[in-house]
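Analysis of the macromolecular model
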Amino acid sequence: MMSTAERWPALRGMDMAAARACCGDSLGLFNRLLLLLQKHYGDWTSVWLAAASANDPALHSDLCASLHKLRGSASTMGANQLAMLATQFEQSLKEGEVRPLEAVERVGEALDQLLLEVGEWQASEQASGA
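Keep in mind the model is a prediction, meaning the values are calculated, not measured.

Basis of the calculations
- The residue numbers shown here count from 1 along each chain, following its written sequence.
- Totals for whole chains, interfaces and linings use all residues, but because this is a predicted model, local features are given only for residues with pLDDT of at least 70 and pairs of side-chain atoms are given and counted only at 80 or more.
- The side-chain quantities take in all heavy atoms of the structure and omit both hydrogens and water.
- The way it works is that DSSP assigns letters per residue, a run of H or I at least four long becomes a helix, a run of E at least two long becomes a strand, and they are numbered from the N terminus.
- Accessibility here uses a 1.4 Å probe with only protein chains present; expressed as a share of the type maximum, an area under 20% marks a residue as buried, one over 50% as exposed, and anything in between as partly exposed.
- Contacts are assigned to residue pairs that have any heavy atoms within 4.5 Å of one another.
- Salt bridges are identified by distance alone: a Lys or Arg side-chain nitrogen within 4 Å of an Asp or Glu carboxyl oxygen.
- Residues belong to a common nonpolar core when they are buried Ala, Val, Leu, Ile, Met, Phe, Trp, Tyr or Cys residues joined through side-chain atoms within 4.5 Å.
- Scored from 0 to 100, pLDDT records how confident the predictor is in each individual residue.

1. Details of the overall build of the protein chain
When helices and strands are counted, the protein chain shows 7 helices and 0 strands. Scanning the protein chain from its N terminus toward the C terminus, one meets helices and strands in the order α-α-α-α-α-α-α. Reported as C-alpha extents along the three principal axes, the dimensions of the protein chain are approximately 55 × 25 × 20 Å. Within the span of the protein chain, comprising 130 residues, buried residues form 37% of the whole. A sequence separation of at least 24 residues applies to 59% of the contacts in the protein chain between residues at least 6 apart.

So this is what it looks like as structure tokens:
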């Protein structure tokens, strides 16, 4: 029987030791967190790109709130690089140092890369029957 340590993924941008700690070394819980990440943030980039392109006046505060929530979700599961980017761009938006479109593009790139890797890992797990 395969040990839990052998089945944990190696995902770029994720601190797997932190992920394992937050999940009590439960791969099942980690998988549920990944599914929630996909469900809640799977279309994040496209939704916010459309909003940023529309120049909605409410965008600034809503985007900051979304980045803050994304940061919390990412840091909880060990996605430290994504959490740091979300924090950086949330602060930069609040200070007027960056435009919303740039923030969405940069954070969205990291988020989409993580979601792609998660999807690839899940597909390989299904293909191997794990």
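2. Details of the pattern of salt bridges
On inspection of all chains with the given rule, the structure shows 3 salt bridges. One salt bridge in this structure joins Arg12 and Glu117, with 3.1 Å as the shortest N-O distance. Placement of the pair is Arg12 in the loop between helix 1 (4–7) and helix 2 (16–22) and Glu117 in helix 7 (residues 100–128), with a sequence separation of 105 residues. By relative accessible area, which is 59% here, Arg12 ends up exposed.

3. Here we look at unusual backbone geometry
Positive phi, close to 60°, is recorded for Asp25, a residue that is not glycine. For Asp25, the position within the fold is in the loop between helix 2 and helix 3 (27–41). Taking the relative accessible area as the measure of exposure, Asp25 reaches 37% and is therefore partly exposed.

4. A few points about the side chain of Glu90
With respect to the helices and strands, Glu90 occurs in helix 6 (residues 80–94). Contacts of Glu90, omitting those with residues within four sequence positions, involve Cys64, Leu67 and His68.

5. Here we look at the nonpolar core
Side chains of nonpolar character tend, in soluble globular proteins, to be buried together. Counting 37 residues, the largest nonpolar core has Met14, Phe30, Trp44, Leu63, Leu67, Leu82 and Val107 as its most contacted members. A per-element tally of this core places helix 7 first, with 8 residues. Here Trp44 is in contact with Leu63, Ser66, Leu67, Leu70, Val104, Val107, Gly108 and Leu111, once residues within four sequence places are set aside.

6. Notes on the confidence of the model for the protein chain
With 95% of its residues at a pLDDT of 70 or more, the protein chain has an overall mean of 90. Mean pLDDT in the protein chain bottoms out at helix 1, which sits at 56, and peaks at helix 6, which reaches 96. Segment residues 1–5 is flagged for pLDDT under 50; beyond a separation of four residues in sequence, or across chains, it makes 4 contacts in the model.

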